[in-house]
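# Close look at the chain arrangement
What follows is each chain in one-letter form.
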Amino acid sequence: MATIVPTLFSFVRDTYKGRFDVDTFEKEVARDFDNQEIAQAISKYEQEAKNLRNKDEIRKVIQYIDLTTLNGDDTASKVVALSKRAINPIPTDPSIHCGSVCVYPQRIADVKKFLTETKQTCRITGVAGGFPSGQYHLKSKVLECELTVADGATEIDIVISRASALEEDWKTVHDEVLACKKACGSAHLKTILATGELKTLSNVYKASWASMLAGSDFIKTSTGKESVNATLEVAYVMCTAVKRWYELTGQKVGFKPAGGIKTVDEALAYVALVKDILGEQWLNPTLFRIGASSLLDDCLNAL
Ligand SMILES: O=C[C@H](O)COP(=O)(O)O
C-alpha cells in the first residue's frame, strides 16, 4: 500500500468553499492506491476486452476516436484527407463518424475551410497551450488557445505544467488550466496530464483533481509525445478521480486515454475500464474519447 504525502491544495479552501465539501475533498486527494488491486482490475479489463470484441463494439470504438495527426510535416491536404476519414471512417456506413479530427493549431483553419466549403460537420480539436511540453509562458499558452478557437477549433487539448506538478505546486497547475479554460470560451477543454512524466500515481491523482477543479471538460492521459503514454494503470487512477469528482459535485468530466493506443484489443480494455469505474453512462463521445493516429486502421481491419 503506497502512502501518499499530504497535499498542497490549501487554495481550494478559499476558492471553492461553498461549492462542495472541502473537508471531504482534502481527504480524497490524500487517498492511497493499492497497486495489487489495480493490477487485478487491469487483468479483468484485458479479459473483458476479449468478450467485447464484436462488430458493434468496434463501431462504437471508431466513434470515440479523436482521429489525430500531430506531425511537423502535416499539410492542408493531409488534414483535409484526415477530416474526410473522420467524417466517414467506414466507407460503407455513412452513419458512423469519429469523435473529432485533432490537429496542430496552424492546421485548424484548413479543416474549418474544408468543412465550411463542403457544408459538413465534424468536431475540430486543436492541441494548444504549449503542446506538447507545456514549457512556455502562460501568456503565450492563453493566446494560443484564443487563436486556435478563433480559427475554428471546437475543442482544445492543453497540457499541464509537469514542472509545477513535480514541484507539488498544484495551485500553479490549477491556475494555468483555469486561464486556458477562460481563453477557450465555449470550446471544450481537454486537459492532458502527461502521466508518463508525473512519476507517481499520487501525482496523477492530484493532477486530475487540479485539472477538474479548474473546469476541464475532459482529462486526458498523454500527448502521444512522452516516452510512456496511455496505460490502464493511470486510466484507473484518473477515472477514479472522475468518479469521485462526480460524487462530490454532480459534474460529469470526460476521460480521454491517448498516445500509443493502436489495436482494437487495447481500446476495448479502456472501454471495459470506463464501464466498470464510471458506468455505461460515460460510454459515449460526449464523455469518452480515445486519442489515436493509427487505431482506426486496426478497427477497420477487424470489421
Ligand atoms: O492525442 C492523441 C495522440 O497524440 C495520438 O497519439 P498516437 O499517435 O500515439 O496514436
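Numbers given for residues are sequential positions, taken from 1 along each chain in its written order. Whole-chain, interface and lining totals are the exception, using all residues; otherwise, since this is a predicted model, local features are given only for residues with pLDDT of at least 70 and side-chain atom pairs are given and counted only at 80 or more. To obtain the side-chain values, all non-hydrogen atoms of the structure were included, while hydrogens and water were left out.

### Examining the pairing of strand β5 (residues 188-192)
- Exposed residues in this analysis have more than 50% of their type's maximum accessible area, buried residues have under 20%, and partly exposed residues fall in between, with area computed by a 1.4 Å probe over protein chains only. Here a helix means four or more residues in a row that DSSP labels H or I, a strand means two or more in a row labelled E, and each is numbered from the N terminus. For β5, a buried count of four out of five residues is recorded, marking the element as mostly surrounded by other parts of the structure.
- In this description, strands pair whenever DSSP reports at least two bridges between them. Pairing between strand β4 (residues 155-159) and β5: five bridges, direction parallel. Bridged to I156 within β5 is L189.
- As paired strands, β5 and strand β6 (residues 218-220) are joined by three bridges and run parallel to one another. Each bridged residue has a counterpart across the sheet, and for K190 the counterpart in β6 is F218.

### Some words on the UniProt feature "active site" (unreviewed entry) in the protein chain
- UniProt positions are given in the numbering used here, feature names are shortened, and annotations may be inferred rather than shown by experiment. In the numbering adopted here, UniProt assigns the feature "active site" (unreviewed entry) to K220 and K256. Maximum C-alpha separation among the annotated residues is 4.4 Å over a sequence range of 37 residues, consistent with a single clustered spot.
- Among the secondary structure elements, K220 is positioned in strand β6.
- On the accessibility criterion, K220 (3% relative accessible area) is buried.
- Throughout, a contact is declared for two residues whenever any of their heavy atoms are within 4.5 Å. Once residues within four sequence positions are removed from consideration, K220 is found in contact with D157, T191, I192, L193, M238, K256 and A258.
- Secondary-structure assignment places K256 in strand β7 (residues 254-256).
- When its relative accessible area of 0% is taken as the criterion, K256 is described as buried.
- If sequence neighbours within four positions are ignored, K256 has contacts with D66, D157, K190, F218, I219, K220, T221, R289, I290 and G291.
- A polar atom in the side chain of K256 sits 2.8 Å from the side chain of D66. Counted as a polar contact is a pair of N or O atoms within 3.5 Å, where, for protein atoms, one must be capable of donating a hydrogen and the other of accepting one, and residues adjacent in sequence contribute only when both atoms are in side chains.

### Quick word on the nonpolar core
- We call a set of buried Ala, Val, Leu, Ile, Met, Phe, Trp, Tyr and Cys residues a nonpolar core when their side-chain atoms join them within 4.5 Å. Within the largest apolar cluster, 100 residues are counted, with the highest numbers of intra-cluster contacts made by F9 and W209.
- Looking at which element gives the most residues to this core, the answer is helix α11 (residues 232-249), with 11 residues.
- Core analysis: the second largest hydrophobic core is formed by six residues, L70, C102, V159 and I192 among them.

### Here's the deal with the site of the ligand
- Every residue lining the ligand is accounted for by T68, L70, K220, T223, G224, A258, G259, G260, G291, A292 and S293.
- K220 places a polar side-chain atom, nitrogen or oxygen, 2.9 Å from an oxygen atom of the ligand.
- At 2.6 Å from an oxygen atom of the ligand is found a main-chain nitrogen or oxygen belonging to T223.
- Surface exposure here means Shrake-Rupley accessible area, sampled with a 1.4 Å probe, where a residue is shielded only by the protein chains that are shown. Out of a free accessible area of 310 Å², the ligand has 88% covered by protein chains. One heavy atom within 4 Å of a molecule or strand is enough for the residue carrying it to be called near that molecule or strand.

### Some remarks on the state of the cysteines
- Two cysteine sulfur atoms form a disulfide, by the criterion used here, when they sit within 2.5 Å. Tallied over the full model, the rule gives zero disulfides.
- Take C180: it sits in no disulfide, and the sulfur closest to it among the cysteines is that of C145, at 4.0 Å.
- We note that C184 lacks a disulfide partner, and the nearest cysteine sulfur, in C145, lies 4.4 Å from it.

### Some points on the packing of aromatic side chains
- Only the six-membered ring of Trp is used, alongside the rings of Phe and Tyr, when aromatic pairs are assigned; centres must lie within 6.5 Å, and planes under 30 degrees apart are stacked while those over 60 apart are edge-to-face, with the rest tilted. Under the counting rule described, the total for this entry stands at eight aromatic pairs.
- Measuring from centroid to centroid gives 6.0 Å for Y205 and W209, while their planes differ by 80°, and the two rings are edge-to-face. Of this pair, Y205 and W209 both sit in helix α10 (residues 201-213), four residues apart, roughly one helical turn.
- Take Y205: its relative accessible area is 0%, and that puts it in the buried class.
- Looking at W209, the relative accessible area reads 0%, which means it is buried.
- For the pair W209 and W245, a centre-to-centre distance of 5.9 Å together with 75° between the ring planes defines the contact as edge-to-face. With a gap of 36 residues between them, W209 in helix α10 and W245 in helix α11 connect regions that are remote in the sequence.
- Through a chain of ring-to-ring contacts, the aromatic side chains of F25, F33, Y205, W209 and W245 assemble into a single cluster.
- Whether a charge sits over a ring depends on NZ of Lys or CZ of Arg being within 6 Å of the ring centre and within 35 degrees of the ring normal. One cation-aromatic arrangement involves R31 over F33; the distance from NZ or CZ to the ring centre is 4.0 Å.
- When the ring centre of W282 is taken as reference, the NZ or CZ atom of K252 above it lies at 5.9 Å.

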